[in-house]
Amino acid sequence: MAAIESVYAREILDSRGNPTVKVVLDTDDGAEGIGLVPSGASTGANEAWELRDGDKKRFGGKGVLTAVKNVNEIIAPKVIGMDASDQRALDQTMIDLDGTPNKSKLGANAILGVSLAALYASAESADEPLYRYIGGTNGHILPVPNMNIMNGGAHANFATDIQEYMISPYGFKTYSEALRAGVEVYHTLKGILKSRGLATGLGDEGGYAPEMKNNEESFDLIMEAISKAGYEPGKQIGLCIDAASSEFYGKDPKNPDNKAEGKYFFDGEFRDGDYMLDFYQKLVEKYPIVSIEDPFDEEDWDNWVKITAAMGNELQFVGDDLLVTNPKRLQKAIDLKAANSLLVKLNQIGSVSETLDAIELATSAGFTSMVSHRSGETPDTTIADLAVAKNTRQIKTGAPARGERIAKYNRLLDIEAELGSTAEYAGASAFKRAKVLQSR
Ligand code: PGA
Ligand code: ZN
């Protein structure tokens, strides 16, 4: 056992220049762990509470000095002396200390920072790389990188309604070959945008963010980029989208006074659930789509059930805002047969052990899991190790651009090299529909 000797938090900046929490935790055997907390923009209403100061004189109210103080003055005295490697007991102690259902008293950013720092310190104490410390000897599958090469929605001033257009290079033998293909498509896309006089500036997750005529135009550009880069759409590279539809549900996000209850503001008009379902169905017929995230609003359970029944046999429906990495909401989705895949974001639930619980529950119910970054990130690479440790077979961590995204892709290159001949690339086994597309 390595006892926690000190815990210290302070305020740092994330990739958008917003304050976030850094925690440094030392144990009595000389190990040290650092926890860096990410932050979302298109956050789900049911996420664990990110505690911000609200003092408009500092960072427009986004400071995290209260969360920092909660670590230094409330959490630290309680957890010093505890076994750092007893992650579950440590997390539970903080959950009890907080006492609210959504960690709103101490802040999920405070609790997760300590939880992550303890995880890293314990891995160092055990002298193991993080993926092995979490996953034991079984963690050996490198995930398919779902690379968000075109950004819209809240990450790019609603250049398109759909928030993320991802390419999934699954038809390759190794992770590094797949990554290279993804990067080549990304660079080819830039050339295509340039040649059409379209903007090549980047959104929050590193993808291009040109204004499009409509949501479908982006797919045509990406398809062209895949072919032009020398790859076969569907056979080698598929598409994933994150509609992040809660952002355009009930209101026009660019003009929030323009409201229509129960409708989606999509392609310039309010549309009902049936219109959206039909849109997704036609999209899947036309393009090699293997996964759709948040096609419907986080409380529009009926339409989630409908789309999962209609296409869920082959297609992956990922619950992000719907499930918020929360075992309770996940259980509801399992019971209702709404969605068939869990998006995994540590800060949505706010501790390491609860995140592991969510993945475990998803797996036991036959759901897939996609480990995910946030749009506001740090150089932290925990999600890369987590994806390998739990053999989730999928990760999404943005475009191959911007240091905080690249850090995760590069970490996976390191893990692949370290595992050597025992590394396996998930490839097409990650998606049911990838195998269907390949057999055509
Ligand atoms: P967020 O976006 O981090 O801004 O929530 C990511 C996503 O919606 O998947
Ligand atoms: Zn999402």
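Everything in this summary refers to the structure shown in the same document. (Residues numbered from 1 in each chain as written. Chains lettered and ligands numbered in written order. Predicted model: local features only at pLDDT ≥ 70, side-chain atom pairs only at ≥ 80, totals over all residues. Heavy atoms only, no water.)

1. Details of unusual backbone geometry
The backbone phi angle of Lys-103 is positive, close to 60°, even though this residue is not glycine. Of the residues examined, Lys-103 reaches a relative accessible area of 4% and is grouped as buried. Of note in this structure, Asp-127 is not a glycine but carries a positive phi near 55°. Positionally, Asp-127 belongs in the loop between helix H3 (108-125) and helix H4 (130-135). (Buried < 20%, exposed > 50% of the residue type's maximum accessible area, 1.4 Å probe, protein only. Helix = DSSP H or I, 4+ residues; strand = E, 2+ residues; numbered from the N terminus.)

2. Structural notes on the packing of aromatic side chains
Tallied over the entire structure, the rule returns 13 aromatic pairs. Aromatic pair Tyr-264 and Phe-296: ring centres 5.8 Å apart, planes at 70°, arrangement edge-to-face. Taken together, the residues Tyr-264 in strand E9 (residues 255-266) and Phe-296 in the loop between strand E11 (289-293) and helix H8 (301-311) connect sequence positions 32 residues apart. For the pair Tyr-264 and Phe-296, a shared accessibility class is recorded, and that class is buried. A centroid spacing of 5.8 Å and a plane angle of 70° characterise the contact between Phe-279 and Tyr-280, whose relative ring orientation is edge-to-face. (Phe/Tyr/Trp six-rings, centres within 6.5 Å; stacked < 30°, edge-to-face > 60°.)

3. Regarding the coordination of the zinc ion (ligand 2)
Donor atoms from the polypeptide that coordinate the zinc ion (ligand 2) comprise Asp-242 (OD), Glu-293 (OE) and Asp-320 (OD), at 2.0 to 2.1 Å from the metal. In the primary sequence, the donor residues of the zinc ion (ligand 2) line up as D-x50-E-x26-D. Within this pair, whereas Glu-293 is found in strand E11, its partner Asp-320 is found in the loop between strand E12 (316-319) and helix H9 (327-336), the two being separated by 27 residues in sequence. Just as Glu-293 is buried, Asp-320 falls in that class too. (Donors = N, O, S within 2.8 Å, 3.2 Å for Na, K, Ca; no water.)

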